[in-house]
Structures are given as C-alpha cells and as structure tokens.
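Observations on the model geometry
What follows is the residue order along each chain.
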Amino acid sequence: MKKTRTRFAPSPTGYMHIGNLRTALYEYLIAKSNGGDFLLRIEDTDQERYVEGALDVVFNTLKATGIEYDEGPGKEGDCGPYIQSQRRDIYKKYAEMLVEKGAAYYCFCTKERLESLKTSDEALGTGFNYDRHCRDLPKDVIAANLAAGIPYVIRQKMPLSGTTTFTDAVYGDITVENKTLDDQVLLKSDGLPTYNFANVVDDHLMGITHVVRGNEYLSSTPKYNLLYEAFGWEIPTYVHCAPIMKDEHHKLSKRNGDASFFDLVAKGYLPEAILNYICLLGWSPSGNEEFYTLKELENVFSISGISKSPAIFDIEKLTWMNGEYIKRMDDEKFLSMTLDTVKKVFEDANVAVPDSDILKKIALLVKTRINTLAEIPEKIGFLAVLPDYDNELYVHKKMKTDREISLQSLKVTEEAFEASPSVKDNWNSQAIYEFLIGVAEKNELKNSQILWPLRTAVSGLPATPGGATELAEILGYDETMRRIKDGIKRLTN
Ligand code: GLU
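Residues numbered from 1 in each chain as written. Predicted model: local features only at pLDDT ≥ 70, side-chain atom pairs only at ≥ 80, totals over all residues. Heavy atoms only, no water.

Within the open sheet, the three strands sit side by side as E3-E4-E7. Their pairing is antiparallel. Each edge of the open sheet carries a strand with a single partner, namely strand E3 (104-107) and strand E7 (185-187). The mean angle between the axes of side-by-side strands here comes to 45 degrees, regardless of whether they run parallel or antiparallel. Where E3 lies against strand E4 (residues 153-156), four bridges are found, and the strand directions are antiparallel. Bridging from a neighbouring strand, Tyr 105 pairs with Arg 155 of E4. (Pairing = 2+ DSSP bridges. Helix = DSSP H or I, 4+ residues; strand = E, 2+ residues; numbered from the N terminus. Axes fitted to C-alpha atoms, helices over the stretch in contact; angles between N-to-C directions.)

Here is the structure:
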C-alpha cells in the first residue's frame, strides 16, 4: 500500500480563515490517521493577488494549533521546493511535455483579442470560453512565432466529445460532458503556471494520495483528471468538502476577512476548543462524543464522516464548548494563562494588587463561571472597584431580607468583626462563615439575613462568582469593612 500523503496548499491571496484551517486539519488528520505525511505547499503563482503577511498567518496558525507539517517551507524533504514560485522550471518542462503529447497547445492570442471574445460572450450571457483559435495552428507557424519571441500561453486541449467521470470520496460519482470543458490556460505568459496546472503537477511529484479542498473545485476536477491521464499518472483520492457558512447565505471568505484563528484567540477562545469545534463543522464522529484533543482526532477521524452539506459557524456552540474546555483544564494551566489578566484588572483600576495567593483564588473563582478568557475582567472588576448599586439589591424575598433587616444585619456584622480581632487574624472564608453563623444566632437572624446583605455590600451585584465569605476573604479585612460601612451609609440615607 502506498503511504498516505496529504497537503495543505494555501494561496496567499488573503488571510487564512477558520474554513481554511479546517481544510488543513482534515488533511492533517487523514495523513496522521493512516500513519502518513502531511505537507505544506505554498501556491503563490498568482502574484497579482499576493497579500503581504498572509503567509505569516498560515505559518503561525499551524504552529499555534499543533498541526505540524512533515515537509514544507523550512522543512525540506525530497519533493521541494514547497513554494510554487520557486518551481517555475518544473511547470514549464511539464507543460511542454503535454504539448509534445498533443494534450496541450501554444496560444498566441493577444489580450485584446481575448478581451473582445469575453465581451461578446458576456453579451450572449454564455460565460467566457476560449474559442480554440490557436488549437490547430500549423507547426511552422508555431515555430516562427516562438522564434520571433511572440508572447504565448499554453492551453489544455480538451476532448471535444465524450464524458469524463470521477469518484469523489464525499460526493460520489461525478460526470461531465467534455465539450463543456474550457481549453484552460496551464502556463501563463509570465512563465508561471495557473493553479489548475500547478496543483496537478505538484500533487503528482509530491506523491499526494488524498486531495482535500473546497467543493468549489468539484467542477474543475475533470480537467485535472484529463491532465493526469495525459501524463499517465495515478489520480489521487478526492475529498471535496462543503463550505463553512457564516450564515445561511454567505460562505466564510478570505476576501471579506472572515474570522481567523487568531481573531478567536484574541476573543478568549482556546486553540484546542477552536480546533475541536471546527473539526465538527462538516465531520461527524461515529459515536456521541464531541470532545476530542488533536491526538484523539488522529485516531477517530475518517473520511466517511465528512458531510456533503454546508455547516454554519455557530459562535454560541463554540462559546459553550470553550467554556467546557476551561472547566476541564487543570488549575495550573488555567492559572498560567490567566494570572496576568487578573492582575491587570487591579492595575488598570489603580488599586492595590492583591498578593499572588489571592490572585490565584480570584482566577479559580471564575474558572467554572466563564466561557471565554475575555470574560474575566468583566467578571472580577467588582473586586477592584465596588460598582455603584441600587439599594433594591438588599431586598430578597427568599433570603428574607429587606432594607431594614439589611441595615441591622450589616451593623451587627460590622460591630462583631470589630469586637473580634481573632477573626481578622484568621481571615479566611471558612472561619468567617463560622463566625457569621454565630453572629446570626446571637442576633436571632437567619443565616441568609446575615450573608445576603454582606454579599450585596461587598459586591454591589445581584449575582457573583463565589458567596459572601469567599468574597470577603479575597477582599481582605480592611476592604470588606470599608464596603460594609459603605453599605450602612447607603441604607441609612
Ligand atoms: N491554493 C488553493 C486555494 O488556496 C488550494 C486548493 C487545493 O487544495 O487544491 O484555494
């Protein structure tokens, strides 16, 4: 059996979005699930549409997601170079070989002539098809034109009758009438190949066994197969994938600058969660499990799970999944990713930064309560600065508190703390809790009537990560007392 080899072949004509990343991921998984190689090939033959910086995004994204290539730029193997603009001579040689075989021909048509053809085709509404003007030029005319240095392109000579059929691993058998196939350009007048030619030559020379790409290439595939046949090369397995849609009517697109991996990371999504989620956009595992690491995907991925229908990128589902990833992450890793963010909340508010034990407690307090890392500042801001709040927050039927009870409760809590230096010296959530239960009992109040007003006073929020005593511990004795006094003042006025 031939070793499985796949390639991700981005064109730097725009910034890689998550649909492109999914293609790379599927290519990688098909290779790795079969013990094969995954290659990176840069398809930069369309120099006019070259976008500066687009390649950096490709390299950085693959690196950050752990989709490591076995061969490619900077990782030379036997089939390099892996950047098409450095392979010019190869394409020229193969294009000329096709001319010799009678499967391609020189075309000397001028730009002006082609433009006028295009205009008349547009007027007819037929879509542009080259009229095959140079297809049967006499040999001596060709030789004279070449000798005179007249610019030329090389075009594929499509059969004029019959059909071409191929099998796609996702879409099944596809048949086209050969007469509908355009005599497409293989080699441009600047000596560079078109994508349509270079992909075939390179996929063959690089030993690619599986070609994964967007289904917009389905209709061109018969043309590629005719090239493979003309050369006598083995046709690879085609895996065409339905697009990822940003809504019901629009595909994700490079031109529109749609969501990239790094946009999502900047919004607080974890690389593992992004990869896991986009893998499921267009592929279904055989069981019900949805959570997979990249390593696990390498074992379970199979082409048969790839879907024919487009999938909609659902940010809510990704957000949920990301939240699950955060909850399942080990604490050490979470802390290493978030402590700086937590610290910055205090620095930005220009208040004293708590010591590192407290910073860790704050981070762990929100770990189970956020879906993205970007939610952290908003969730913990109240610990740095007490928000302004409405006294209505003190009214809670179930907790049996109202403004009067809260005022009384905050006062007895303040007095009790002041009268008991031992609580201050042993300021931790459990000790504070036990102490306050005693205060409630002594004052014939329910626990909730002590804890609810305290939580409101220290947070100014209707809902908080953590209960009253956890928050008090984090705020420290002095800040807790300051907030209690503030609450008393608000309720007194
Ligand atoms: N260079 C093509 C693109 O970026 C790749 C298509 C393919 O994988 O063959 O769309």
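Let's pick the thread back up.
For the pair helix H12 (residues 331-348) and helix H14 (residues 376-384), the least separation of the axes is 9 Å and the interaxial angle reads 50 degrees. Classified by the interaxial angle, the pair formed by H12 and H14 is oblique. Here H12 runs over H14; the crossing is right-handed. Contacts between H12 and H14 involve Phe 334, Thr 338, Thr 341, Val 342, Val 345 and Phe 346 from the former and Ile 376, Pro 377, Ile 380, Gly 381, Leu 383 and Ala 384 from the latter. (Parallel < 35°, antiparallel > 145°, perpendicular 65-115°, else oblique. Left-handed = near helix turned anticlockwise from the far one by under 90°. Contact = heavy atoms within 4.5 Å.)

Here we come to the packing of aromatic side chains. Inspection of every chain in the model, using the stated rule, returns 23 aromatic pairs. A network of ring pairs unites the aromatic residues Tyr 26, Trp 283, Tyr 292 and Phe 301 as a single cluster. Just above the ring of Phe 291 sits the side chain of Arg 328; from NZ or CZ to the centre is 3.9 Å. If you follow Arg 490 out to its NZ or CZ, it ends over the ring of Tyr 389, 4.1 Å from the centre. (Phe/Tyr/Trp six-rings, centres within 6.5 Å; stacked < 30°, edge-to-face > 60°. Lys NZ or Arg CZ within 6 Å of the ring centre and 35° of its normal.)

It is worth spelling out the site of the ligand at this point. Looking at the ligand, the residues that line it are Arg 7, Ala 9, Pro 10, Ser 11, Glu 43, Tyr 195, Val 212, Arg 213, Tyr 217 and Lys 254. Residue Arg 7 places a side-chain N or O atom 2.8 Å away from an oxygen atom belonging to the ligand. Interatomic distance of 2.8 Å between a side-chain N/O atom of Tyr 217 and an oxygen atom of the ligand. Across the shell around the ligand, the residue classes break down as five nonpolar, one polar and four charged. (Near = heavy atom within 4 Å. Polar contact = N/O pair within 3.5 Å; in protein donor to acceptor, adjacent residues only side chain to side chain. Nonpolar A, V, L, I, M, F, W, Y, C, P; charged D, E, K, R; others polar.)

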